[in-house]
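Okay, here's what each chain looks like letter by letter:
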Amino acid sequence: MQIFCIDEFKAEFEKLISKKQYSTLEKEIIDYFFHKNTDELLSGTRLNNSQDTPYIKKRVRGKGGFRLYFLVLIRKGNLYLLFVHPKTGPFGASNITDESKAMLYKNVLQAIKNNDLYLLELDKKQKHLIFLRK
Amino acid sequence: MECATKDRIKNTVDEVRSTSFEEKINSSEEKINSFLDAILDFKGMLEEKTTKILKLADKLEEITWFTIDDNECLMLLNDLIAQSKDLHSTLIRNYTHFAALKTKGIAKEEVKEYKAAIDDFKESFSDLESVFFYLPELPQFKETTRELSLL
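The rules behind the values
Residues numbered from 1 in each chain as written. Chains lettered and ligands numbered in written order. Predicted model: local features only at pLDDT ≥ 70, side-chain atom pairs only at ≥ 80, totals over all residues. Heavy atoms only, no water. Helix = DSSP H or I, 4+ residues; strand = E, 2+ residues; numbered from the N terminus. Contact = heavy atoms within 4.5 Å. Salt bridge = Lys/Arg side-chain N within 4 Å of Asp/Glu carboxyl O. Polar contact = N/O pair within 3.5 Å; in protein donor to acceptor, adjacent residues only side chain to side chain. Nonpolar A, V, L, I, M, F, W, Y, C, P; charged D, E, K, R; others polar. Axes fitted to C-alpha atoms, helices over the stretch in contact; angles between N-to-C directions. Parallel < 35°, antiparallel > 145°, perpendicular 65-115°, else oblique.

A. Main features of the environment of Val72(A). Residues and elements named next belong to chain A. Within the secondary structure, valine 72 is located in strand E4 (residues 67-73). A C-alpha to C-alpha distance of 9.3 Å links valine 72 and isoleucine 3, two positions 69 residues apart in sequence. For valine 72, the contacting residues outside a window of four places in its chain are Met1, Thr38, Leu42, Asp52, Thr53, Pro54, Ile56, Asn78 and Leu79.

B. Structural context of the interface of chain B and chain A. On the chain A side, the residues contacting the 27 residues of chain B number 34 residues. The interface formed by chain B and chain A contains 10 salt bridges. One salt bridge connects Glu123(B) with Arg67(A), and the closest N-O pair in it is separated by 2.6 Å. In this structure, the connection of chain B to chain A is made through 19 residue pairs in polar contact (both at pLDDT 80 or more). Looking at the side of chain B that touches chain A, the elements that each hand over two or more residues are helix H2 (28-63), helix H4 (108-134) and helix H5 (139-149) of chain B. Sorting elements by how many residues they give to the side of chain B that touches chain A places H4(B) first, with eight residues. The class makeup of the residues in the side of chain B that touches chain A is 12 nonpolar, eight polar and seven charged.

C. The arrangement of the packing of helix H1 (residues 7-17) of chain A against helix H2 (residues 25-33) of chain A in detail. All names here are of chain A. Two elements in contact, H1 and H2, have axes whose closest approach is 9 Å; the angle formed by their N-to-C orientations is 130 degrees. Comparing their axes, H2 and H1 come out oblique. Residues Phe9, Phe13, Leu16 and Ile17 of H1 lie in contact with H2, whose contacting residues are Leu25, Glu26 and Ile29. Classifying every residue of the contact of H1 with H2 gives six nonpolar, no polar and one charged.

In structure tokens:
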């Protein structure tokens, strides 16, 4: 499965990992998404009632209590990370609004259409994410 | 030695003797142990409640993977959300009692985990409501789903 992200995700990720409190985020993302097959990633809250292109919100019950928003295009074997926010700490939020969820959803559609995405890969030690502009 | 002085010393000896005897009979170690046992029981009860609440939150999440398109099921979901809101109010009321203990340093971590589980539960039923009642009503959201299905 190829993993991509949109600008919003990259910006939020970089903002969060600059804070010591959220230092586990990168590892949590790697552990959760990489080296997994599609079925293993189809859990959490499905926001769009779609079988083929589920838009998912995942609660990761780690130290930061991160919430990850992503879309899976099952037919293409692609996963798109849309957004991340922690539950606690200086950038913590209990949830995002329905309008924000809809906006992110629209943004990923546009990004896929325009090929305006980053491909996510791991570095040689498999410890850090690399964002490659497509 | 004056008689009065002697009596006072004797009285003090008696007092020390009886206190010593009482301490031996009514061991405070036993009381401390039962107090610590009560704290452990309390922690265990909180952990049990926390696990139960998290399981409920997971169950609510799982429902979002069902395809629900008839009004009868939607009505059931509406009941489920209402019941969940009611349960949440009760849990928060209970939490306020537990939080008082937390401020005294008792079961701090367990009370924190319990509150986090209540928050997760609230998030789950709020999301459930969004998924089946609010997001499908946003025209932009429906259109995006349609366009994505064509990719």
